[in-house]
Amino acid sequence: MAIYKLQINGQTYQVDVEPDTPLLWVLRDHLGLLGTKFGCGIALCGACTVHFNDQAVRACVFPVSAVGDAKITTIEGLSAQGDHPVQQAWNEVDVAQCGYCQAGQIMTAAALLKRNPNPSTEEIDTGMNGNICRCGTYHRIREAVTLAAAKLK
Ligand code: FES
Ligand code: FES
């Protein structure tokens with residue numbers, strides 16, 4: 001076990017865990033941040049996506065020992081009131097069905113728009129295509145990312 005100080009959603013947390021513990025389990029099991037979901041556990045579905053210094057990463061395969069002093073953002077910290085432009089667009093388009101994949105989708109979309117505020121449809125599809133939705137909400141995700149990009153202008 002080792003002690004790690006983590007910067008998450010603007011707060012400092014301390015955890016005592018094995019170095020290879022995936023960030024996902026630190027978030028969910030040690031810190032009670034349950035918005036980040038477990039899907040596949042092998043970096044294939046995107047349900048566990050969080051931001052590592054504004055870049056989307058898969059928390060299920062990201063060892064806590066690799067976090068260092070990076071700024072981690074989870075769905076709980078994306079915006080104070082759940083009103084990030086991506087979240088607003090998600091509500092307006094009514095993207096979610098069961099909702100299970102949606103926190104990961106939103107985090108991927110927010111990171112995509114951070115690095116490319118004006119993506120083409122192809123760039124949206126490419127940027128989002130690693131996030132799997134078993135309910136098949138892909139067309140609404142595309143619409144919501146387009147709307148969020150317009151809101152960010
Ligand atoms: S749970 Fe991490 S990518 Fe599927
Ligand atoms: S909304 Fe159900 S898995 Fe995506």
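Okay, so let's go over this structure. Only a predicted model underlies this, so the values are computations on that prediction, with no experimental measurement involved.

### Quick notes on the layout of surface pockets
Logical step 1: Empty space within the largest pocket amounts to approximately 210 Å³.
Logical step 2: Around the largest pocket sit 13 residues that line it, and His51, Asp54, Leu78, His84 and Lys114 are the ones nearest its centre.
Logical step 3: Where the lining of the largest pocket is concerned, the elements lending two or more residues are β5 (71-73) and α3 (102-115).
Logical step 4: Of the residues forming the lining of the largest pocket, the biggest block, four residues, is contributed by α3.

### Details of the pairing of strand β2 (residues 11-17)
Logical step 1: Bridge count between strand β1 (residues 2-8) and β2: seven bridges; the pairing is antiparallel. Bridge pairing in β2 places isoleucine 8 opposite glutamine 11.
Logical step 2: The antiparallel pairing of β1 with β2 creates a hairpin that spans two residues between the two strands, and asparagine 9 there sits at a positive phi of about 50 degrees.

### What to know about the side chain of threonine 74
Logical step 1: Secondary-structure assignment places threonine 74 in the loop between β5 and α2 (85-93).
Logical step 2: One polar contact links threonine 74 to glutamate 76, side chain to side chain, over a distance of 2.6 Å.
Logical step 3: Threonine 74 has contacts with Ile8, Asn9, Leu27, Thr36, Val50 and Met107, leaving out every residue within four places of it along the chain.

### Regarding the side chain of threonine 137
Logical step 1: Relative to the assigned elements, threonine 137 resides in the loop between α4 (121-128) and α5 (138-152).
Logical step 2: Assessed through its relative accessible area of 0%, threonine 137 is described here as buried.

What counts, and at which threshold
Residues numbered from 1 in each chain as written. Chains lettered and ligands numbered in written order. Predicted model: local features only at pLDDT ≥ 70, side-chain atom pairs only at ≥ 80, totals over all residues. Heavy atoms only, no water. 1 Å grid on protein atoms, 1.4 Å probe; cavity = no way out; pocket = protein on both sides within 12 Å on 5 of 7 lines; lining within 4 Å. Points joined across faces, edges and corners; volume = space filled by probe spheres on them. Helix = DSSP H or I, 4+ residues; strand = E, 2+ residues; numbered from the N terminus. Pairing = 2+ DSSP bridges. Polar contact = N/O pair within 3.5 Å; in protein donor to acceptor, adjacent residues only side chain to side chain. Contact = heavy atoms within 4.5 Å. Buried < 20%, exposed > 50% of the residue type's maximum accessible area, 1.4 Å probe, protein only.

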